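# Architecture and fold: a report
Next come the chains, spelled out residue by residue.
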Amino acid sequence: MMTGAQALVAALKKQNVNTIFGYPGVAICSFYDELSTSGIRHILVRQEQNSGHAASGYARITGRPAVCVATSGPGAVNLITALATAYMDSIPLIAITGQVSTDLLGRDVFQEADITGAAEPFTKYSYLVKNPAEIPRIIDEAFYIAESGRPGPVLIDLPIDIQTAEFDPAAAQVARHLPGYRPTTKGHPGQIKRVVAAIAEAKRPLVCIGGGVIAANAQTELQTFCETAGLPAVATMMGIGAMPTAHVNYFGMLGTHGKPYANYAVKQADLLIIIGARVGDRAVSAPHSLEGHAKIVHIDIDPAEIGKNLGTTIPLVGDAKTVLAQLTEAGAQANCGEWMDDLDDQRRLFRPDFDHRHDGSINPKVFLRSVSMSMEDDSILVCDVGQNQSWAAGNVLMRGGKFLTSGGMGTMGYSIPAAIGAKLADPGRQVVAVCGDGSFQMSMCELATAVQHHVPIKIIVINNHSLGMVLEHQDLCYKGNRYAVELGSSPDITALAAACGLQAQRIAKADQCAEAIDRLLEADGPALLECVISPEETTP
Amino acid sequence: MKRTISVLVENKAGVLSRVSGLFARRGFNINSLAVGETEDPAISRMTIVSEGDEHTIEQVEKQLNKMIDTLKIKLLEDGSSTRRELILIKVEADTSTRGEVIDIARVFGAKVVDISATTLTVEHSDRPERIDLLVDLLRPYRIQEIARTGTVALEKGCGTIGYKNK
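What you see is a predicted model; the values in this text were computed from it and never measured.

Cut-off values and rules
Residues numbered from 1 in each chain as written. Chains lettered and ligands numbered in written order. Predicted model: local features only at pLDDT ≥ 70, side-chain atom pairs only at ≥ 80, totals over all residues. Heavy atoms only, no water. Helix = DSSP H or I, 4+ residues; strand = E, 2+ residues; numbered from the N terminus. Rg over C-alpha atoms; globule rule 2.2 N^0.38 Å. Buried < 20%, exposed > 50% of the residue type's maximum accessible area, 1.4 Å probe, protein only. Contact = heavy atoms within 4.5 Å. Areas by Shrake-Rupley, 256 points an atom, 1.4 Å probe, with all protein chains shown as cover. Lys, Arg positive; Asp, Glu negative; His and termini not counted. Charge placed at Lys NZ, Arg CZ, Asp CG, Glu CD. Buried area = accessible area lost by both parts, 1.4 Å probe. Salt bridge = Lys/Arg side-chain N within 4 Å of Asp/Glu carboxyl O. Polar contact = N/O pair within 3.5 Å; in protein donor to acceptor, adjacent residues only side chain to side chain. Nonpolar A, V, L, I, M, F, W, Y, C, P; charged D, E, K, R; others polar. Domains from an automatic or database assignment.

If you tally the helices and strands in chain A, you get 23 helices and 20 strands. Over its C-alpha atoms chain A spans a radius of gyration of 24 Å, differing by no more than 12% from the 24 Å that the globule rule assigns to 540 residues. Dimensions along the principal axes, computed over C-alpha positions, put chain A at roughly 70 × 60 × 45 Å. Across the 540 residues that make up chain A, the buried fraction comes to 58%. In chain A, 74% of the contacts between residues at least 6 apart in sequence involve partners at least 24 apart. Entry remark: accessible area of chain A is about 20,600 Å², with carbon and sulfur atoms responsible for 53%. Taking the 41 positively charged and 55 negatively charged side chains of chain A as two groups, their mean positions are separated by 5 Å.

This is the structure:
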């Protein structure tokens, strides 16, 4: 005989899970009891939401679903923000939540919450387990659903009596039963031909790279496609890093906080080839305005994304990796030398704000560019949400590493836990988290996690003592009525980090940057660099 | 425009809530929704009547298709499908009006299934437009209560939704 908790641990091991991020509680204790002797490493976060973000960072590096665990009630509900964040950005997660005993379900007992109901809009699928013999099948299905097709989070709610209940392993359900789930991966050959023809006809074609390219691990196929076909490309925030920043065919990030030459390219294009992007409002604020002057090719693994926000001329359902290889193989070839020259001029004419500040204070754009140039080529940069995100997205030089952020949901506090997850997924790679003082304070409890579990992440806090992005918005749209955006001078972030056991330093002058960045990146353990800037530093 | 969507889903807990949640979340209209078991007890058929422009209906179809529990989906055209709805109407009827109500029911081919000193209950199954008409005609007699099932529909002829459980 075997218990539900034993079946769960065995099923996770079968999926080669070796790290779990979680926070225990009474309703999940039977699982933790089994976990203690399983050989699976458990990373104890300080708040459940961060177990989800850490798992997200882990999954984005390994490319496989990562596991986060919480107890019933508040533990499970705290996970929701992380699930929503992962769902928006199509990150494969397995969330396991404890639940009250099945005989008490629905009676509003202590720490009971309908988590499958509450998380429904933010999960690709969810299970409420009512029979321990289902566990092997459910875990297998959950991993398959989370990582196949368009990836996303899957939640498994496990009542405590199911964890302790015994069943005969011979009676276990093992066969996957998902008759309604058949994701398409290969592009339709007819549509591939139409795309190739459209590329040949276009005068001003443009590739728009979304997060789907990275989710499909199709960076190589993308570069080959753009180079072979001679196509210029721009990226959404989620697509940053798919092409090296300095690639001749690459024209930066588009959108509200994007490069003017990238937006120029989108506006002027007569053929847009969108790959793995949702055409969200931050990327293209008025998508329908494009339909008139450009043919739209939309390539996505999720058919429901095609035509959702933008009318499509040629829909192409499939996995980015497969479809890009198919397009190259089909001989896609653009004739747009003039257009490339035009874009090149636009790019050359753009003057980024890398200006020296007269008071000797730090220009965050220059600072973040320097950080990225000091980082190793294959390193991982995790940025948070707010001005720091735009500064990072616009100014880091990607050279084959990864750029992680909460793109769709814009969840503050993502960077530190996600960096912990990313570092644990690939300890050999440098991992730097960039956050503002606002986003830092949303997950500063995780400094202790990094120290306790010896996760040598490097954290940069750009401290302007305010919620800069909101402040800027109030300046622009609310007649400068700055309200509820000042964070004041508490806490002393450097002292706080030191108290948690990180090597911490603070700088406020431009001439201190180079040395401080070196010291940060060379630190043995987890380290933090607080970079104080003026609250008047603007996003563009 | 009203469209009838036939959806085969796995017959298990939570599916109805997932479907209705999807409609609410994405701002799709549900005019009616009827669910029941099919010839295969593992499969339920939902017949959803939704209103929206072409783009919205396409999105409804795609979002429903995306659901893990959805097995097959088909838009049913009015001309090529048999659509039916069942209604129970309790209408005021005393000795002076009872005959008139019974006459109306008879014209529709409806059945009188219950009677009291002051009411009649009429049962009728028909195309949804005809059901609406029956309601309109009975309204002057003061309707006490109505229960409608929502539309169910099947394709005409030998065509089916085209799904077989393996």
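The rest of the description comes next.
Between chain A and chain B, the residue contacts involve 19 residues of the former and 17 residues of the latter. Taken together, the two surfaces of chain A and chain B that pack against each other cover about 1,500 Å², and 46% of this comes from carbon and sulfur. It is Glu120(A), Tyr125(A) and Ala304(A) that lose the most area in chain A upon contact with chain B, and together they represent 32% of the buried surface on that side. Inspection of the region where chain A meets chain B yields two salt bridges. At the boundary of chain A and chain B, one finds 10 residue pairs in polar contact (both at pLDDT 80 or more). Within the side of chain A that touches chain B, the residues separate by chemical class into nine nonpolar, four polar and six charged.

A few words now on the domain arrangement of chain A. Much of the literature gives interface size as the accessible area that the parts lose upon coming together. Residues and elements named next belong to chain A. Assigned domains within chain A: domain 1 (2–171), domain 2 (189–349) and domain 3 (364–532). Taking the mean C-alpha position of each, domain 1 and domain 2 sit 37 Å from one another. At the interface, five residues of domain 1 touch five residues of domain 2. For the pair domain 1 and domain 2, the summed buried area comes to about 530 Å², and 59% of that belongs to carbon and sulfur atoms. Of all residues in domain 1, Met88, Asp89 and Arg150 bury the most surface against domain 2, accounting for 69% of the area lost on that side. Put simply, domain 1 and domain 2 have two salt bridges between them. Here Glu305 makes a salt bridge to Arg150, at a shortest N to O gap of 2.8 Å. Connecting domain 1 to domain 2 are two residue pairs in polar contact (both at pLDDT 80 or more).

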